[in-house]
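Residue-level structure breakdown
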Amino acid sequence: YVLLSFWITNSPSADYQAKIQEAFTKIKDQHPIRLVSVCVDEKPVDAAKFILEKQLRLGSHAFTSGFAHRTLFDYGVRAIPSFWLISPDGKIAMSQYEFAMAFRTQPDLAQIIVNRIEGKDVPTPAPTPAAPEAPKKD
C-alpha cells in the first residue's frame, strides 16, 4: 500500500502532515505500506527546509512547485490536505472523500488505514448528485 498525502506548508495541512507521519509510524511495521508526501508549495526549497525543521523525515517527499501540476489533476485533488490510500495493485483503496467520512466517527488516522487494509470497513461510495428537476409546466 501507499499512503499518498498532498499538503502545503503555510496552512493547517502542515499539522496534518505530522499526524500522517505519526500514523505511518504506528502501522509501518505491521502492514506493507509506504508513505509518499507531495508538497504543493510554490518554492520546493522552502518546503524542504520546513520538512527538515519540523522533522517530517518519514517516507518519500515530492514537490509540485504549485497547484498547476498534472499529479493533482490526475488524483482529483480539490482541497489541501488530501489523503489517498493506493492498493498494491495500483488502484485507489481509499479516497479523500472516504477519509473525510471515516474521520466523522473514527479520529484515529492509523486505525482508519488499518481498517481499510484489513478489510474491516466498507468502502464509502461518493454520493451521486441528484438529477435536476424538470421544469414545471404552467
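Structure shown above.
Some thoughts on the overall build of the protein
When helices and strands are tallied, the protein shows 5 helices and 5 strands. Shown N-terminal to C-terminal, the secondary structure of the protein runs as helices and strands in the order β-α-β-α-β-α-β-β-α-α. Counting only residues that meet the buried cut, the protein has 38% of its 138 residues in that class. Sequence-distant contacts, at least 24 apart, represent 62% of the contacts inside the protein between residues at least 6 apart.

Examining the packing of helix α4 (residues 96–103) against helix α5 (residues 109–117)
Viewed as axis vectors pointing N to C, α4 and α5 meet at an angle of 120 degrees, and their least axial separation amounts to 10 Å. By the angle class used here, α4 and α5 are oblique. With respect to the hand of their crossing, α4 and α5 are arranged in right-handed fashion. Residue-level inspection shows E98, F99, A102 and F103 of α4 in contact with α5, the latter providing L109, I112, I113 and R116. Tallied by class, the residues present in the contact of α4 with α5 amount to 6 nonpolar, no polar and 2 charged.

Overview of α5
Summarising burial for α5: 8 of the 9 residues are buried, a large majority. Within the sequence span of α5, burial applies to L109, A110, I112, I113, V114, N115, R116 and I117. Its side-chain oxygen placed 3.1 Å from the backbone nitrogen of A110, D108 serves as the N-cap of α5. Looking at the residues trailing α5, positive phi occurs at G119, about 75 degrees.

Some words on the sheet that holds strand β2 (residues 34–39)
What the 5 strands build is an open sheet, ordered β3-β2-β1-β4-β5; its pairing is mixed. Both outer strands of the open sheet, β3 (60–63) and β5 (92–94), are each paired with one neighbouring strand and no more. Put simply, the sheet's adjacent strands are angled 30 degrees from each other on average, direction ignored. As defined by bridge partners, β2 adjoins β3 across 4 bridges and the pair is classed as parallel. In the sheet register, S37 faces β3, and the bridge partner there is H61. Lying on the sheet, helix α2 (residues 44–53) is in contact with β1 (2–7), β2 and β3; it crosses β3 at an angle near 155 degrees.

Conventions and cut-offs
- Residues numbered from 1 in each chain as written.
- Predicted model: local features only at pLDDT ≥ 70, side-chain atom pairs only at ≥ 80, totals over all residues.
- Heavy atoms only, no water.
- Helix = DSSP H or I, 4+ residues; strand = E, 2+ residues; numbered from the N terminus.
- Buried < 20%, exposed > 50% of the residue type's maximum accessible area, 1.4 Å probe, protein only.
- Contact = heavy atoms within 4.5 Å.
- Axes fitted to C-alpha atoms, helices over the stretch in contact; angles between N-to-C directions.
- Parallel < 35°, antiparallel > 145°, perpendicular 65-115°, else oblique.
- Left-handed = near helix turned anticlockwise from the far one by under 90°.
- Nonpolar A, V, L, I, M, F, W, Y, C, P; charged D, E, K, R; others polar.
- Polar contact = N/O pair within 3.5 Å; in protein donor to acceptor, adjacent residues only side chain to side chain.
- Pairing = 2+ DSSP bridges.

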